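Observations on chain architecture
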Amino acid sequence: MSTRKHTALPKAQILVEALPWLTRHHGRTVVIKFGGNAMIDEDLKAAFAQDVVFLRHAGLKPVVVHGGGPQISAQLDRHGLVSEFKAGLRVTTPEAMDVVRMVLAGQVQRELVGLLNQHGPLAVGMTGEDAHTITATQHYPKIDGESVDIGRVGEITAIDTGAIQALLDDGRIPVVSSIARSADDHHVFNVNADTAAAALAAALGAETLMVLTDVEGLYEDWPNSDEVISRLTARELEKLLPELSSGMVPKMEGCLHAVRNGVNTARVIDGRVQHSILLEIFTDEGIGTMVVPDEHEGGTR
Ligand SMILES: Nc1ncnc2c1ncn2[C@@H]1O[C@H](COP(=O)(O)OP(=O)(O)O)[C@@H](O)[C@H]1O
Ligand SMILES: CC(=O)N[C@@H](CCC(=O)OP(=O)(O)O)C(=O)O
C-alpha cells in the first residue's frame, strides 16, 4: 500500500485541538460587543462577521451588541452639532438622540446585519426598543458628588429577553443596537453599548461576555505602560474600578456586573486582531483581559 503525503493533515490537527472547546461551549450563549472604534477597518469587520457565523455553525448562540460612538460623532458633526461627553457618556439632547438612533439602528446595525447575512439568512437587527427588550429611565451620573443632567441617556431598569431568545431558538443571530425605551413609551434613551451588552449577557444567562475594543485589554498602568492584566477576579476588579478612566469604565463595570450576575467569564479583547473571537473561544491562547467570578479565585486562565 502506498503511503501518500497528506499535506492538509495539520489542518485536521487544528480542528481536533478545538474539540474540547467545542464540547464545552456547545449550545451556550455568547454576547459579543463590537465597539465603534474596532469597526473602522473593512477587513476587520468582514473577519468579525466570519467569526460570529463560525460560532453559530459550531453550535454556540452568539448575540451581537454594537456600538458606534465615532460614527455618531461624525454624523452629529455633519449636522453642525457638537459631541460632548460627561462621565464617559454622550450628552444627548433630544435633537442628538434622533441622530444617535439613526446612526445606530439605520447605519451601523444595518451594515453588520448585511455582513453577517453574506454567509446565509442568519442575522436579524433590532434595538432595545423592540419587544420591550431594554427599558430605561433617565440616568443622572454623579460628577464630584453632584447628580448631573446629560439629557436622553438611559439607565437600564428592566430587560425582557423574549425576542432575543426566540431569535436564538430559531437559529438566528440577533444584532442589537443600544437604544432603550422608557416604561411609558414616551421617550427613547441612548445607552452606552458596553453597559447594554453586559445587562443582556446577565439577563440571558450567557456563558461569556466578550467586549471587542481598540486596545489589547485592560492595561495595568494606563497610559504609562502597556502591560495587560490577563486575568482578574470580580473582587480584584472592584478594587481597581475607582482608578480607571474614560472608555474602560463602562467596559469594566459591565464585566463586573456580568460575572456577579451569573456570566462565567467576561473578557475585554483586541478587536484590531483578526479572528480574536476564535482565538478566545477555541484555543488556550486567549488574548486580552478575562474577568472571572470570585469563586474562581486562584484558578488559571
Ligand atoms: N486601563 C486602561 N486600559 C486600556 N485602555 C484604557 C484604560 N483606561 C482608559 N483606556 C482607554 O479606553 C479606550 C477604549 O474605550 P472606547 O474608546 O470607549 O472604545 P470602544 O469604542 O471600543 O467602546 C482605549 O482606547 C483607551 O484609550
Ligand atoms: C450614552 C452613550 O455614551 N452612548 C454611546 C452609544 C454608542 C456606544 O457606546 O459606542 P462605542 O461602544 O463605540 O463607544 C454614544 O452615544 O456614543
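Calculation rules
Residues numbered from 1 in each chain as written. Chains lettered and ligands numbered in written order. Predicted model: local features only at pLDDT ≥ 70, side-chain atom pairs only at ≥ 80, totals over all residues. Heavy atoms only, no water. Phe/Tyr/Trp six-rings, centres within 6.5 Å; stacked < 30°, edge-to-face > 60°. Helix = DSSP H or I, 4+ residues; strand = E, 2+ residues; numbered from the N terminus. Buried < 20%, exposed > 50% of the residue type's maximum accessible area, 1.4 Å probe, protein only. Expected span 1.5 Å × (residues − 1). Contact = heavy atoms within 4.5 Å. Near = heavy atom within 4 Å. Areas by Shrake-Rupley, 256 points an atom, 1.4 Å probe, with all protein chains shown as cover. Nonpolar A, V, L, I, M, F, W, Y, C, P; charged D, E, K, R; others polar. Polar contact = N/O pair within 3.5 Å; in protein donor to acceptor, adjacent residues only side chain to side chain. 1 Å grid on protein atoms, 1.4 Å probe; cavity = no way out; pocket = protein on both sides within 12 Å on 5 of 7 lines; lining within 4 Å. Sits in = over half its atoms within 2 Å of the grid points. UniProt positions renumbered as here; feature names shortened; annotations may be inferred.

This part covers the packing of aromatic side chains. Applying the stated criterion across every chain yields a total of 2 aromatic pairs. Aromatic side chains phenylalanine 34 and phenylalanine 48 sit 3.7 Å apart centroid to centroid with 0° between the ring planes, which places their arrangement in the stacked category. Note that phenylalanine 34 is positioned in strand E1 (residues 29-34) and phenylalanine 48 in helix H3 (residues 42-57), a separation of 14 residues in sequence. For phenylalanine 48, a relative accessible area of 4% corresponds to the buried category. Taken together, a centroid distance of 5.7 Å and an interplanar angle of 70° make the contact between phenylalanine 54 and phenylalanine 282 edge-to-face. One end of the pair, phenylalanine 54, is in helix H3; the other, phenylalanine 282, is in helix H10 (residues 276-282), with 228 residues separating them in the sequence.

On to helix H9 (residues 248-260). Here H9 contains 13 residues, and its C-alpha end-to-end distance of 18 Å stays within 8% of the 18 Å for a straight helix at 1.5 Å per residue. Turning to H9, its buried residues are Met248, Pro250, Lys251, Met252, Gly254, Cys255, Leu256, Ala258 and Val259. Taken together, the buried residues of H9 touch E1, helix H7 (193-204), strand E13 (208-213), helix H8 (234-240), strand E15 (265-270) and strand E16 (289-292).

Before going further, it helps to spend a moment on the site of ligand 2. Taken together, 15 residues form the shell around ligand 2, and within it Lys33, Gly36, Arg90, Asn190 and Ala193 come nearest. Taken by itself ligand 2 offers 430 Å² of open surface, and the protein chains cover 91% of this. Per element, the largest residue contribution to the shell around ligand 2 is 3 residues, and it comes from helix H4 (residues 69-78). Of the residues in the shell around ligand 2, the class split is 6 nonpolar, 7 polar and 2 charged.

Taken together, 17 residues lie around ligand 1, and Asn37, Thr213, Asp214, Tyr219 and Lys251 are the ones closest in. Lysine 251 is positioned with one of its side-chain polar atoms (N or O) 2.5 Å from an oxygen atom of ligand 1. Burial of ligand 1 by the surrounding chains reaches 83%, relative to a free accessible area of 580 Å². Judged by its atoms lying within 2 Å of the grid points, ligand 1 is housed in the largest pocket.

Mapped onto the present numbering, the UniProt feature "binding site: substrate" (unreviewed entry) falls at Gly68, Gly69, Arg90 and Asn190. These annotated residues cover 123 residues of sequence, but their C-alpha atoms sit close together, with the largest distance between any two at 11.7 Å. Here, the largest pocket is lined by Gly68, Gly69, Arg90 and Asn190 out of the annotated residues. Looking at the secondary structure, you find glycine 69 in helix H4. Non-local contacts of glycine 69, meaning those with residues more than four positions away in its chain, are made with Gly36 and Arg90. Structurally, asparagine 190 is set in strand E12 (residues 188-190). For asparagine 190, a relative accessible area of 8% puts it in the buried group. In terms of polar contacts, asparagine 190 uses its side chain to reach the side chain of threonine 92, at 3.1 Å.

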